[in-house]
Amino acid sequence: MSGLIGIPFQPKRYRRRLHRSRLIRASGESILRIGYLRLKSNTMNTREYNFWFVLQRAEDVPGEWTAHCLELDVVSQGTSLRHALAMLNEACFITVCDDIFAGRDPLDRRAPARYWDELYKIVGEGKKADFSTLEESKVRSIGRQVQIKCLLMQPAIRPVKVQHRPKVPLAWTEPATAQACCG
Amino acid sequence: MPARFSNLKRALEKLGLTVTPPNGGSHWRAMLNGKTYPIPAHHGDKTEISEKYIRGVCDCFHLKLEDLRKLL
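Just so it is clear, the model here is predicted, and its values are computed rather than measured.

Parameters and conventions
- All residue numbers refer to positions counted from 1 along the written sequence of the respective chain.
- To read the labels, note that chains go from A and ligands from 1, taken in the order they are written.
- Local features in this predicted model are restricted to residues whose pLDDT is 70 or higher, and side-chain atom pairs enter the listing and the counts only when it is 80 or higher, whereas totals over whole chains, interfaces and linings include all residues.
- Residue pairs are scored as contacts if the distance between their C-beta atoms, which are placed from the backbone, is within 7 Å.
- Helix and strand definitions here come from DSSP, where helices need a minimum of 4 consecutive H or I residues and strands a minimum of 2 consecutive E residues; each element is numbered from the N-terminal end.
- Under the scheme applied here, ten amino acids are nonpolar (Ala, Val, Leu, Ile, Met, Phe, Trp, Tyr, Cys and Pro), four are charged (Asp, Glu, Lys and Arg), and all others, including Gly, are polar.
- Any residue with 12 or fewer other C-beta atoms within 10 Å of its own C-beta is exposed, any with 20 or more is buried, and the rest are partly exposed; the C-beta atoms used are placed from the backbone.
- Strands are treated as partners if at least two bridges between them are detected by DSSP.
- Orientation is described by axes fitted as lines to C-alpha atoms, over the contacting stretch for helices, and by angles from 0 to 180 degrees between their N-to-C directions.
- Joined through C-beta atoms within 7 Å, a set of buried Ala, Val, Leu, Ile, Met, Phe, Trp, Tyr and Cys residues constitutes a nonpolar core.
- Each helix should span, by expectation, one fewer than its residue count multiplied by 1.5 Å.
- pLDDT: the predictor's confidence for each residue, scored from 0 to 100.
- Read the arc as the range of directions from the helix axis to the C-beta atoms.

Concerning the interface of chain A and chain B
Contact with chain A, which involves 23 residues of that partner, is made by 21 residues of chain B. Looking at the side of chain A that touches chain B, the element that brings in the most residues is helix H3 (residues 81-101) of chain A, giving six residues. Grouping the amino acids of the side of chain A that touches chain B by side-chain chemistry returns 10 nonpolar, six polar and seven charged.

Structure representation (structure tokens):
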């Protein structure tokens, strides 16, 4: 059976060429590496992360909004509320991908307590609102929960051929030894 | 105090971080010891990076804010 998802059985030579071309495109960056892993994989799992985002009008840069993901402690910014949200989504995706590929838990980086206090203040004192209908001119800071789903494609585990070469023989074949063992 | 992206990039490189260009998006990557922190640069080198972001970088890589400020 072919190891490629969604690609029917192909002659062996063609398959090899296809693998090589995709490999060249995957030039070491994490997002592309997902594509590369998808090609050779046959196992997958999904990870879901719930993140709290705090979006605020940047006080020092006019016209900009800052967005802070508290679980990852990643900050990004954009020219509008929606742009800042999109930028932070991208930043979170980069961070989660890089951490997973480096073998780290993305949730190990947590924002300091003072940023969480800001969120508790917004959630405690603010009003519940629909994000799609929010008007930028009327708000200063927003707390929002976002769920990010990562579909991880893991490479297939191939059986590795191991040649056992024991230094001490496991069985004695010479008649003299066999006699000694039996006797 | 905000800083220009080009200045921030130069300062981070002087502090020993590796800054790599984006791969399709608008975030550069600052890396140190395998840890990544994305830098928003939606207006290219002229992007004004807010104070909150600069504090975030310092917290992430355990840099002193004053050291980074001197280099900006």
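Points about the pairing of strand S3 (residues 74-78) of chain A
All names here are of chain A. By the criterion of burial, S3 is predominantly enclosed, with five of the five residues buried. Side chains of S3 alternate between two faces, with Val74, Ser76 and Gly78 and Val75 and Gln77 buried alike. For strand S2 (residues 65-69) and S3, the ladder comprises five bridges, and the chain directions are antiparallel. Directly across from Thr66, in S3, lies its bridge partner Gln77. The loop that links S2 with its antiparallel partner S3 comprises four residues; one of these, Asp73, has a positive phi angle of about 55 degrees.

With respect to the pairing of strand S4 (residues 35-40) of chain B
Residues and elements named next belong to chain B. Among the six residues in S4, five count as buried, and that is most of the element. Looking at chain direction, strand S3 (residues 27-32) and S4 are connected through six bridges and run antiparallel. Looking across to S4, one finds that Trp28 is bridged to Ile39. Connecting S3 to the antiparallel partner S4 that follows it, the hairpin turn spans two residues, and Asn33 within it adopts a positive phi of roughly 50 degrees.

Examining the sheet that holds strand S2 (residues 18-20) of chain B
In spatial order, the strands read S2-S3-S4 (chain B); together these three strands make up an open sheet with antiparallel pairing. Only two strands of the sheet have a single partner each, and these edge strands are S2 and S4 of chain B. With strand direction ignored, the average angle separating the axes of adjacent strands in the sheet is 25 degrees. Contacts between H3 of chain A and the sheet are confined to S3 and S4 of chain B, with S4 of chain B contributing the most and set at about 165 degrees to the helix.

Description of the environment of Ser26 of chain B
Residues and elements named next belong to chain B. Residue placement: Ser26 occurs in the loop between S2 and S3. Taking the C-alpha atoms as reference, Ser26 lies 6.2 Å from Pro40; in sequence the two are 14 residues apart. Apart from the residues within four sequence positions on either side, Ser26 is in contact with Pro40, Ala41 and His42.

Some remarks on the nonpolar core
Core analysis: the largest hydrophobic core is formed by 38 residues, its most contacted members being Phe53, Leu55, Ala67, Leu88 and Cys92 of chain A. Counting only elements with at least two residues in this core, the list comes to strand S1 (41-57), S2, S3 and H3 of chain A together with helix H1 (5-14), S3, S4 and helix H2 (51-61) of chain B. Residue contributions to this core peak at eight residues, all from H3 of chain A. Excluding its chain neighbours within four sequence positions, the residues that come into contact with Leu88 of chain A are Phe53, Ala67, Cys69 and Ser76 of chain A.

Here's the deal with H3 of chain A
All names here are of chain A. When the terminal C-alpha atoms of H3 are compared, their 30 Å separation across 21 residues agrees well with the 30 Å that a helix rising 1.5 Å per residue should span. Regarding H3, the residues found buried are Ala84, Leu85, Met87, Leu88, Glu90, Ala91, Cys92, Ile94, Thr95, Val96, Asp98 and Asp99. Phi turns positive one or two residues past the end of H3, at Gly103, with a value near 80 degrees.

Overview of the confidence of the model for chain B
Residue and element names in this part refer to chain B. For chain B, per-residue confidence averages 87 on the pLDDT scale, and 100% of positions sit at 70 or higher. Looking at the elements of chain B, mean pLDDT is at its lowest for strand S1 (residues 3-4), recorded as 84, and at its highest for S2, recorded as 91. If you check the scores for this complex, the pTM reads 0.68 and the ipTM reads 0.88.

Quick look at H1 of chain B
What sets the pattern is the α-helix's 3.6 residues per turn: residues three or four places apart point alike. Residues and elements named next belong to chain B. Those residues of H1 that sit buried are Phe5, Leu8, Lys9, Ala11 and Leu12. Down the axis of H1, the smallest arc covering the buried residues is 165 degrees, so these residues share one side. Residues of H1 that are buried sit in contact with S1, S2, S3, S4, strand S5 (48-49) and helix H3 (65-71).

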